[in-house]
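Okay, here's what each chain looks like letter by letter:
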Amino acid sequence: MGRFLIKFTKEGEIRYISHLDLLRVFQRAFRRTDVRLRYSQGYNPHPKISFAMPLSLGFESRGEYVEIETESGHGPEQIIRELAESMPRGLQVLACSPLAETSKTSPGAAVEFASYTAEYRGDDAAMRDSLVAGILPFLGEKEIISVKYSKKKKKDIETDIRPSIRSLSSASDTRLLLTMMLKAGNVGNLNPEQLVKALCRFCGREYLEYEWRYRRLDMFFRDGKGRIRPLTDFKG
Amino acid sequence: MDLSDKIEKLLTRVSKPASYMGGELYSVLKEPEDVELHFGFCFPDLYEIGMSYLGMQIIYHVLNEQPWIWCQRLFAPGTDMEALMRSEGVPLFTIENKQPAREMDILGFTLQYELSFTNIINMLDLAGIPVLAKDRDDTMPVIAAGGNCSFSPEPLADVFDFFMLGDGEDVLIEVSEAVREYKRELSGMQEPADTADGLRPKERLLRKLAGIDGVYVPSLYEPQYAENGCMTGHRKLWDGAPDRVVKRFVMDMDTVSYPLRPIVPFTDTVHDRSVIELFRGCTRGCRFCQAGMICRPVRERSPEIIKEYSYNSLKNTGYDEMSLLSLSTSDYSRIEPLVRDLMQGCRAMDVGLSLPSLRLDSFSEEILKEIMGVRKTGLTFAPEAGTQRLRDIINKSITEEHIYTAAEKAIRLGYSNIKLYFMIGLPGETDEDLDGIAEIARQITAINREVSEKKGRFNVTVSVSNFVPKAQTPFQWAAQDTPEEFNRKHLYLKDRLKMKNVSYQYHGTETSFLEAVFARGDRRVGRALIRAWELGCRFDGWTEHFDYSKWLQAFRETGVDPDFYAHRGRAEDEYLPWDLIDCGVSKEYMLKEKHRSEEGLQTRDCRKGCTGCGIKRYQECPVYEQGANYS
């Protein structure tokens, strides 16, 4: 019996499976173990399992989180061990920590920031210099207008994404690898792809989605003292 | 840039990218250098269809059990993916290792459905492999086929190097061994057994394959035609080729290898569940049914093995649904105790059990109740024809009483959706038989009014398909109705089924017509197939892709008259294009059955006494005590 927060990776081939498919993968993975999940009450019972924050299709991640409630009395170490044997390639359990049984906030609702890398894999040699040189003036802008099509409103929506960027830098090696910390969760959530698109436009470069590879590194929440901490420290 | 990088670049731009990525639980990775034979299992339709097919899981498992073989999977890419592959120069590739199809030693296609044939041509072309066998040299993979449509192989005879007939478990290993030897010969590792024969290695391989039981090598035969266009025979081009090719049998279902760790797809496939095969074959002898003829004799798995497999398969996969597979579930000799036990096990594991292919006349209330215990889905029955007279003609031995008693049982148990399958265009059919379909639907709604305690919704769905005469059945000589006649009958039925609580579904007549052409075609129809593909036809079984006008154009341009194949009744003494394929049931028996059908005579279920179908020329039919308990 208990509530747990599991940190895991989503890397390699499996990055192309959708949020819904991932849910099924976890349900089945648990069914292959002795860990019994708690089920919701009602007409159509489903196991108590929820992901902290969805990941875009095709993104890799080193820091995904899923919250589970169990029926069986397995401890965190046992859950890690059981799942390790049951998970498909590319999903690796990194940590499992207990959550307070009675807490009202879910880890997903607590997330405020997420960190990402964006790697350029195209063959335009000038891309790196151009974007690296553009980062500082880009961040110096008062507002950065990004246009995104809203399916709900069925039209293009302009938003200022500058307040959602906490940091943006490039790795010092020869690759073009951008590292960033962005607002995440319910308020001001920014997808790294939207930022890279805006940066490309700012630098007068063409953005082709298949030339970029994205990876989430971790998710963060703010503790009682206002400090930003990785979600593994979240206790509910 | 290597191929997997190239593929990756396409994946962000297509729908359902996971269909091309692999990496599923229990998919098999091996070191390419460690294996001697690379087998590409090709499914000529989308991933989500292919992954629901048990045959693929069996073959994948059987081949990969051999340390020297690596079997990888290939599927027909969706049209969006195909367009990108062509523009970016990405060849057809294996899901596991992202290897070009051309690097495989054997590409083995499963032939399940005539309307997937253009996908085969398309996959070969996407692989950069010449479509016609005669254009392929020793640098190309050997292209093989198996599955139901191989029992009428001529439409694809110019494409495939060889066909495998019947159960695949043993013959696949034998042909793999032959191809391994061929490879060794090609690489100079091994001297050919006889260098004095003056043959190219590929020719030597084909002759060797022709010597394996159950293998048909079409290039060793030349079809002969009469002036009226009918076939008169197959002339052997090599004396050593067998006169007839008899299908393969696997007789012991308890010892044959079975996938207890089937690949578990990430994405939602058509049937996303654990599947346990109960038995192969069918003793009923419905005269339209190809599977019922070509899969004989009945071979059951024992209940103990089925229970063990069910538990292990569920434990290994984590599925929450299980299905039992066979041609007629309720004909399993010990179905009631088995279902009772499985139900108990499934409840303990929180698993839903589904039992498809139930027959009206043999399932008991007890089983119905068992199924009801878990979830209340709809019930599906297949009376196939609307009157007793026509059911006798097709040898579907259920009576009106069976239908109504079963429907009443189901309604009393609370089922509110009943689906009925019928065929139209059956030999001997009249409009009275169509009236009979409407009458059955009407009666069932009347039963519902009478007995149902629930006032709520009730629905009878009448689903009607068009009869396609199939090779290797007693109806193989029959003419198919014309599309005009099918359409008239559909309108007729539509009119008569305008009733409360009854809905009517029917199939497109043009696809049924095409199916008929390729189900009983000779080698000449292959030209039209290739032309249709050139004109852009693929996924012909999918309404959104099917383009009938292109097919008509293809027939016109290749001088193939489709009516000759679909609408012409064959003379009883005519040589049929599949006559050199022996499915175990003899042509004499099929002819006898045709005559009995013309006289409106039923033939008994052969469990009640042998009917002399011809299987015993090759195998003893196992006998199972009906209804016996097993504990």
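Predicted, not measured: the structure shown is a model, and the values here were computed from it.

A. Layout of the overall build of chain A. Looking only at helices and strands, chain A features five helices and 11 strands. With the C-alpha coordinates of chain A rotated into their principal frame, the extents come out at 55 × 35 × 35 Å. Across the 236 residues that make up chain A, the buried fraction comes to 32%. Long-range pairs, those at least 24 residues apart, make up 71% of the contacts in chain A between residues at least 6 apart in sequence.

B. Region of interest: the sheet that holds strand S6 (residues 215–216) of chain B. Residues and elements named next belong to chain B. Judged by pairing direction, the sheet is mixed, and its six strands sit side by side in the order S2-S1-S3-S4-S5-S6 without closing on themselves. Each edge of the sheet is formed by a strand with only one pairing partner; in this case those strands are strand S2 (69–75) and S6. In this structure, strand S4 (residues 142–146) lies alongside strand S5 (residues 162–164), joined through two bridges in parallel fashion. Across the sheet, the residue bridging to Ala145 is Phe163, located in S5. Across the sheet, helix H4 (residues 54–64) is in contact with strand S1 (37–43), S2 and strand S3 (106–110); its angle to S2 comes to roughly 155 degrees.

C. Region of interest: helix H2 (residues 76–86) of chain A. All names here are of chain A. Among the residues of H2, Ile79, Leu83 and Ser86 are the ones counted as buried. Buried residues of H2 fall within an arc of 60 degrees about the axis and therefore sit on the same side. Away from the buried face of H2 by more than 90 degrees, exposed residues Glu77, Ala84 and Glu85 are located. Along its buried surface, H2 packs onto strand S1 (2–10), helix H1 (19–31) and strand S4 (93–99).

D. Fine view of the environment of A:Ser164. Residue and element names in this part refer to chain A. Locating Ser164 in the fold gives a position in the loop between strand S7 (155–160) and strand S8 (165–170). Taking the C-alpha atoms as reference, Ser164 lies 38 Å from Arg81; in sequence the two are 83 residues apart. Apart from residues lying up to four places away in sequence, Ser164 is in contact with Leu182, Lys183, Gly188 and Leu190.

E. Representation of the domain arrangement of chain A. Residue and element names in this part refer to chain A. Here chain A is partitioned into domain 1 (2–102) and domain 2 (113–233). Listed as interface residues are 13 residues of domain 1 and, on the opposing side, 12 residues of domain 2. Counting only elements with at least two residues in the side of domain 1 that touches domain 2, the list comes to strand S3 (60–70) and S4. Here the element with the most residues in the side of domain 1 that touches domain 2 is S3; it accounts for five residues. A per-class count over the side of domain 1 that touches domain 2 returns six nonpolar, four polar and three charged.

F. Expanded view of unusual backbone geometry. Residues and elements named next belong to chain B. Cis geometry marks the peptide bond from Arg296 to Pro297, where omega comes out at -5 degrees. Its location among the elements puts Pro297 in the loop between helix H9 (290–294) and strand S12 (299–300). Residue Lys98 is not a glycine yet carries a positive backbone phi of 50 degrees. Here Lys98 lies in the loop between helix H5 (79–88) and S3. The phi dihedral of Asn501 falls on the positive side, at around 65 degrees, and the residue is not glycine. We classify Asn501 as partly exposed; it has 17 C-beta atoms within 10 Å.

G. Region of the structure containing the interface of chain B and chain A. Contacts between the two partners involve 20 residues from chain B, matched on the other side by 17 residues from chain A. Of all the secondary structure elements, the ones that give two or more residues to the side of chain B that touches chain A are helix H1 (3–11), helix H2 (18–21) and helix H10 (303–317) of chain B. In terms of residue class, the side of chain B that touches chain A is built from eight nonpolar, seven polar and five charged.

H. Spatial organisation of the domain arrangement of chain B. Residues and elements named next belong to chain B. One can read the domain layout of chain B as domain 1 (37–246) and domain 2 (274–507 + 585–617). A straight line from the C-alpha centre of domain 1 to that of domain 2 covers 34 Å. Of the residues lining the interface, four residues belong to domain 1; the matching set on domain 2 comes to eight residues. Of the residues that constitute the side of domain 1 that touches domain 2, the class distribution is two nonpolar, two polar and no charged.

I. View of the sheet that holds strand S18 (residues 502–506) of chain B. All names here are of chain B. If you walk across this open sheet you meet the four strands as S15-S16-S17-S18, and the pairing is parallel. What marks the edges here is a single partner per strand, and that holds for strand S15 (379–384) and S18. Within the sheet, the average angular offset between the axes of one strand and its neighbour, ignoring direction, is 20 degrees. Of the pairings in the sheet, the one linking strand S16 (residues 417–424) to strand S17 (residues 459–466) comprises eight bridges and is parallel in character. Among the inter-strand pairings, Ile424 is bridged to a residue of S17, identified as Asn466.

J. Region of the structure containing the nonpolar core. Core analysis: the largest hydrophobic core is formed by 220 residues, its most contacted members being B:Phe160 and B:Val215. In this view, B:Val215 contacts B:Phe162, B:Met164, B:Val171, B:Val175, B:Leu209, B:Ala210 and B:Val245; residues no more than four positions away in its chain are not counted.

K. Representation of the packing of helix H14 (residues 400–412) of chain B against helix H15 (residues 431–451) of chain B within the structure. All names here are of chain B. Viewed as axis vectors pointing N to C, H14 and H15 meet at an angle of 40 degrees, and their least axial separation amounts to 10 Å. Compared by their axis directions, H14 and H15 come out oblique. As H14 packs across H15, the resulting crossing turns out to be right-handed. Across from Ile403, Tyr404, Ala407, Glu408, Ile411 and Arg412 in H14, the residues of H15 making contact are Ile440, Gln443, Ile444, Ile447, Asn448 and Val451. Per-class residue counts for the contact of H14 with H15 are eight nonpolar, two polar and two charged.

L. A look at the packing of H15(B) against helix H16 (residues 483–496) of chain B. Residue and element names in this part refer to chain B. Viewed as axis vectors pointing N to C, H15 and H16 meet at an angle of 35 degrees, and their least axial separation amounts to 9 Å. In the crossing of H15 with H16, the sense of the turn from one axis to the other is right-handed. Between H15, through Asp431, Leu434, Asp435, Ile437 and Ala438, and H16, the contact on the second element is made entirely by Lys489, Tyr492, Leu493 and Arg496. For the contact of H15 with H16, the class distribution of residues is five nonpolar, no polar and four charged.

M. Up close: helix H19 (residues 548–558) of chain B. Residues and elements named next belong to chain B. By the burial criterion, the buried members of H19 are Trp551, Ala554 and Phe555. Angularly, the buried residues of H19 cover 95 degrees about the axis, an arc narrow enough to put them on a single face. Among the structural elements, helix H17 (509–519), helix H18 (525–534) and helix H20 (562–566) are those in contact with the buried residues of H19. Where H19 ends, the next residue or the one after it, Gly559, has phi of about 70 degrees, a positive value.

Cut-offs applied
- Residues numbered from 1 in each chain as written.
- Chains lettered and ligands numbered in written order.
- Predicted model: local features only at pLDDT ≥ 70, side-chain atom pairs only at ≥ 80, totals over all residues.
- Helix = DSSP H or I, 4+ residues; strand = E, 2+ residues; numbered from the N terminus.
- Buried ≥ 20, exposed ≤ 12 C-beta atoms within 10 Å, placed from the backbone.
- Contact = placed C-beta atoms within 7 Å.
- Pairing = 2+ DSSP bridges.
- Axes fitted to C-alpha atoms, helices over the stretch in contact; angles between N-to-C directions.
- Arc of directions from axis to C-beta.
- Domains from an automatic or database assignment.
- Nonpolar A, V, L, I, M, F, W, Y, C, P; charged D, E, K, R; others polar.
- Core = buried A, V, L, I, M, F, W, Y, C linked by C-beta atoms within 7 Å.
- Parallel < 35°, antiparallel > 145°, perpendicular 65-115°, else oblique.
- Left-handed = near helix turned anticlockwise from the far one by under 90°.

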